[in-house]
Amino acid sequence: MSRKFIRNDGRKPEELRRPYKIKLGVVPRANGSALVQSGKTIVMAAVYGPKKVIPKHLEDQEKAILRCRYNMITFSVKDRKKPGPDKRSAEISKLIENALSNVVMLEEYPRTAIDIYLEVIQADAGTRVAALTAASLALADAGIAMKDLIPSTAAGRVNGHIVLDLNKEEEDVEDAIDLPFAYIPSTKEVVLLQMDGIADIEEIEEIIEMAKKGCDKIYEMQIKAIKEKYGSYLEE
Ligand code: CDP
């Protein structure tokens, strides 16, 4: 991989977008919340619960039910997005729900629901990975028992170069590969892996390695954000 390659926004191949920002507690009335910004992509997560399950027949006697709703606001993209649910949003909601169910200790909260609302305020590619990163932070902010946080980012190939955290312009390049990825740092379990494009196995391995390094950087920022807000409690 050429280290001299400079991207359309001035980044080196292995750099996350600038700014990459994490903020906790952005929605005062929610039990937990977080905002993640990666360049021009901005996502907010708000967690409500554990709370009573409505409708009651969805209740699980053994554990909490986790419900995610990913939504892009109408003016989050350049061309106005038709409001309301669609197939893509339903798929992304499910992916995030599945990833999170690997870390949330649902059995600690039987007969309850934990609702996670993920609102894409502005989209410039990588919204599902920003949403997942924000979701695990919002759950931690809500004080919900978890085995670990989940950092998530994408890596891929643009004009023959392996790069981290693609923006929309990069994602739209012909032959580009985009691989959204997430893993649990403490166990190394991969909880999200998708791919757009065609690549050989060596290339895919290289892209995954790049995504993992990106996740490690994001994980450090996630821990820092939690320590900044709850540091005094953690030391007790
Ligand atoms: O956002 P993410 O990369 O997780 O998902 P995608 O389906 O690969 O979409 C890539 C990007 O396309 C989004 O982040 C938006 O910038 C854009 N998009 C759009 O403009 N209109 C849509 N209805 C869906 C996506």
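Residues numbered from 1 in each chain as written. Predicted model: local features only at pLDDT ≥ 70, side-chain atom pairs only at ≥ 80, totals over all residues. Heavy atoms only, no water.

Chemist: I would appreciate a short explanation of the overall build of the protein chain in the present structure.
Modeler: Of regular secondary structure, the protein chain possesses 4 helices and 9 strands. Start at the N end of the protein chain and walk to the C end: the helices and strands fall as β-β-β-β-α-β-α-β-β-α-β-β-α. Its C-alpha atoms give the protein chain a radius of gyration of 18 Å, near enough to 18 Å, the size a compact globule of 236 residues would have. Counting only C-alpha atoms and orienting by the principal axes, one finds that the protein chain spans roughly 55 × 45 × 30 Å. Every one of the 236 residues in the protein chain was classed for burial, and the buried ones make up 50%. Taking all contacts inside the protein chain whose residues are at least 6 apart in sequence as the whole, residues at least 24 apart take part in 67%. Entry remark: accessible area of the protein chain is about 12200 Å², with carbon and sulfur atoms responsible for 52%. Side-chain charges of the protein chain comprise 36 positive and 38 negative groups, with the mean position of each set lying 6 Å from the other. (Helix = DSSP H or I, 4+ residues; strand = E, 2+ residues; numbered from the N terminus. Rg over C-alpha atoms; globule rule 2.2 N^0.38 Å. Buried < 20%, exposed > 50% of the residue type's maximum accessible area, 1.4 Å probe, protein only. Contact = heavy atoms within 4.5 Å. Areas by Shrake-Rupley, 256 points an atom, 1.4 Å probe, with all protein chains shown as cover. Lys, Arg positive; Asp, Glu negative; His and termini not counted. Charge placed at Lys NZ, Arg CZ, Asp CG, Glu CD.)

Chemist: Whenever I open this one, the site of the ligand confuses me. Can you help?
Modeler: In the vicinity of the ligand, the residues found are Val-77, Arg-88, Ala-123, Asp-124, Ala-125, Gly-126, Thr-127, Arg-128, Lys-168 and Glu-171. Side-chain polar atom of Glu-171 to an oxygen atom of the ligand: 3.4 Å apart, as the coordinates give it. Here the ligand has 510 Å² of accessible area as a free molecule, and 75% of this is covered by the chains. The cavity where the ligand resides is the largest pocket. For the shell around the ligand, the secondary-structure elements that each account for two or more residues are helix H2 (127–141) and helix H3 (168–171). Considering only residue class, the shell around the ligand consists of 3 nonpolar, 2 polar and 5 charged. (Near = heavy atom within 4 Å. Polar contact = N/O pair within 3.5 Å; in protein donor to acceptor, adjacent residues only side chain to side chain. 1 Å grid on protein atoms, 1.4 Å probe; cavity = no way out; pocket = protein on both sides within 12 Å on 5 of 7 lines; lining within 4 Å. Sits in = over half its atoms within 2 Å of the grid points. Nonpolar A, V, L, I, M, F, W, Y, C, P; charged D, E, K, R; others polar.)

Chemist: Help me out: how do you make sense of the packing of aromatic side chains in this one?
Modeler: Within a pair of aromatic rings, the relevant descriptors are the distance that separates the centres and the angle that separates the planes. Summed over all chains, the structure comprises 2 aromatic pairs. Judged by centre distance (5.8 Å) and plane angle (70 degrees), the rings of Tyr-48 and Tyr-117 are edge-to-face. Taken together, the positions of Tyr-48 in strand S3 (residues 41–52) and Tyr-117 in strand S5 (residues 112–122) put the pair 69 residues apart, joining distant regions of the chain. Under the relative-accessibility criterion, Tyr-48 is labelled partly exposed at 29%. Residue class for Tyr-117 comes out partly exposed when judged on its relative accessible area of 32%. When the ring of Phe-181 is compared with that of Tyr-183, the centres are 5.7 Å apart and the planes differ by 45 degrees; the resulting orientation is tilted. According to the relative accessible area criterion, Phe-181 is buried, its value standing at 0%. Classification of Tyr-183 as buried rests on a relative accessible area of 2%. (Phe/Tyr/Trp six-rings, centres within 6.5 Å; stacked < 30°, edge-to-face > 60°.)

Chemist: Help me understand H2 in this model?
Modeler: Given 3.6 residues per turn, any residue in an α-helix points the same way as the ones three and four places further on. The first and last C-alpha atoms of H2 sit 20 Å apart over 15 residues, in line with the 21 Å expected at 1.5 Å per residue. Taking burial as the measure, the 15 residues of H2 include 14 buried ones, the bulk of the element. Positive phi appears at Gly-143, one or two residues downstream of H2, with a value of about 75 degrees. (Expected span 1.5 Å × (residues − 1).)

Chemist: Teacher, can you tell me more about the pairing of strand S2 (residues 32–38) here?
Modeler: Each regular strand carries side chains that alternate between the two faces of the sheet. Across the 7 residues of S2, 6 count as buried, placing the element largely inside the fold. Of the strand pairs in this sheet, strand S1 (residues 20–24) and S2 are connected by 5 bridges, and their pairing is antiparallel. By the bridge assignment, Lys-23 is partnered in S2 with Leu-35. Sheet topology places S2 next to S3; 7 bridges connect them, and they run antiparallel. Across the sheet, residue Ser-38 finds its bridge partner in S3, namely Thr-41. (Pairing = 2+ DSSP bridges.)

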